[in-house]
Amino acid sequence: GNSVTQMEGPVTLSEEAFLTINCTYTATGYPSLFWYVQYPGEGLQLLLKATKADDKGSNKGFEATYRKETTSFHLEKGSVQVSDSAVYFCALHNTDKLIFGTGTRLQVFP
Amino acid sequence: DTAVSQTPKYLVTQMGNDKSIKCEQNLGHDTMYWYKQDSKKFLKIMFSYNNKELIINETVPNRFSPKSPDKAHLNLHINSLELGDSAVYFCASSQDLVGGGEQYFGPGTRLTVT
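In this text the structure is predicted, and so the values were computed from the model without any measurement. (Residues numbered from 1 in each chain as written. Chains lettered and ligands numbered in written order. Predicted model: local features only at pLDDT ≥ 70, side-chain atom pairs only at ≥ 80, totals over all residues. Heavy atoms only, no water.)

Attention now goes to the overall build of chain A. For chain A, the count of helices and strands is zero helices and 12 strands. The N-to-C order of helical and strand elements in chain A reads β-β-β-β-β-β-β-β-β-β-β-β. At 13 Å, chain A has a C-alpha radius of gyration in line with the 13 Å of a compact globule built from 110 residues. Within chain A, the proportion of its 110 residues that are buried is 45%. Partitioning the intrachain contacts of chain A with sequence separation of at least 6 by distance along the chain shows that 55% fall at a separation of at least 24. As displayed, chain A offers around 5,200 Å² of accessible surface, 48% of which is attributable to carbon and sulfur atoms. (Helix = DSSP H or I, 4+ residues; strand = E, 2+ residues; numbered from the N terminus. Rg over C-alpha atoms; globule rule 2.2 N^0.38 Å. Buried < 20%, exposed > 50% of the residue type's maximum accessible area, 1.4 Å probe, protein only. Contact = heavy atoms within 4.5 Å. Areas by Shrake-Rupley, 256 points an atom, 1.4 Å probe, with all protein chains shown as cover.)

As structure tokens, this is what we get:
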């Protein structure tokens, strides 16, 4: 079946630190991969996506590369800001629905 | 202009009551979804509709009944509310089923059952 596993949080960083949030997936066929972000009290927003192997998705300084060989889609950012504090969800889309990971809370302190 | 809107934002009610949550999208999308997010932030799909037709109906108690009067609206009616129904419910939409990975979420409805 299809599933997404992402690292447990919270991830706590100082401003300007480097961020990595790990995500691996299990899927049949060729899924598209996504990162969504949820700021406090809000709905999810699409952050970035990749639709095939070796694609790199990027947005707002975040990036992730679709690695078929390791079935991974790790999220990275070179220098986080306090405003990046949120819950980050890795997800895959295969046929008719999005499968989400459990979410990773990121807390960035000044 | 809010792309996906939900009402109400907060809903506090007692066990056994019946309540509805409304969702509207003004994006011209064909597909709409309902999700339940529990207190640990775990997000689970409940239903999806494409052009007013039910596509996904996950293992949700039949006390939950979605209704799509037109493709811009997807409402959720819940009968005989239970304590375990307390959660945040999100509506979302996508262009169509093929593009279903790119979803636009509403702000959520926090349901508290006492």
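Next comes the rest of the description.
As a further point, take the interface of chain A and chain B. In many analyses, interface size is given as the accessible surface area lost on bringing the parts together. Across the boundary between the two partners, chain A contributes 19 residues, which contact 20 residues of chain B. A buried area of about 1,500 Å², summed over both sides, lies between chain A and chain B, and 56% of it is on carbon and sulfur atoms. Residue E102(B) pairs with K49(A) through a salt bridge whose shortest N-O separation is 2.2 Å. Counting across the interface, chain A meets chain B through five residue pairs in polar contact (both at pLDDT 80 or more). (Buried area = accessible area lost by both parts, 1.4 Å probe. Salt bridge = Lys/Arg side-chain N within 4 Å of Asp/Glu carboxyl O. Polar contact = N/O pair within 3.5 Å; in protein donor to acceptor, adjacent residues only side chain to side chain.)

On to the side chain of Q6(B). Residue and element names in this part refer to chain B. Mapped onto the fold, Q6 is located in strand β1 (residues 4–7). Only 2.9 Å separates the side chain of Q6 from the backbone oxygen of Y89, close enough to count as a polar contact. Engagement of the side chain of Q6 in a polar contact is seen with the backbone nitrogen of G108, the distance being 3.0 Å. Not counting residues within four places of it along the chain, the set of residues in contact with Q6 comprises I21, K22, C23, W34, Y89, F90, C91, G106, P107, G108 and T109.

Counted by the stated rule, this structure contains two disulfides over all chains. Between the sulfur atoms of C23(A) and its disulfide partner C90(A) the distance amounts to 1.9 Å. Across the disulfide from C23(A) to C90(A), rotation about the S-S bond amounts to roughly -70°, and the bridge is consequently left-handed. You can see C23(A) sitting in strand β4 (residues 23–26) and its partner C90(A) sitting in strand β10 (residues 86–94), a full 67 residues away along the chain. For the pair formed by C23(A) and C90(A), the shared burial category is buried. Here C23(B) pairs with C91(B) through a disulfide, and the sulfurs are 1.8 Å apart. Every disulfide takes its handedness from the sign of the S-S torsion; for C23(B) and C91(B) that torsion is -75°, giving left-handed. With C23(B) in strand β3 (residues 19–25) and C91(B) in strand β9 (residues 87–94), this residue pair connects regions lying 68 residues apart in the sequence. (Disulfide = S-S within 2.5 Å.)

Here S83(A) is to be found in the loop between β9 (75–77) and β10. For the pair S83(A) and T102(A), spaced 19 residues apart in sequence, the C-alpha to C-alpha distance is 21 Å.

Now for the pairing of strand β8 (residues 62–65) of chain A. All names here are of chain A. Bridging between strand β7 (residues 56–59) and β8 involves four bridges; their strand directions are antiparallel. Bridge pairing in β8 links N59 to F62. Linking β7 to β8, which pair antiparallel, is a turn of two residues; within it K60 sits at a positive phi near 55°. The pairing of β8 with β9 spans three bridges and is antiparallel. Note that in β9 the partner of E63 across the bridge is E76. (Pairing = 2+ DSSP bridges.)

Residues and elements named next belong to chain A. Mapped onto the elements, E63 comes out in strand β8. Spatially, the C-alpha atoms of E63 and E76 are 5.4 Å apart, while their sequence positions differ by 13 residues. With residues up to four places along the chain from it excluded, the contact list for E63 reads L48, K56, G57, S58, H74, L75 and E76.

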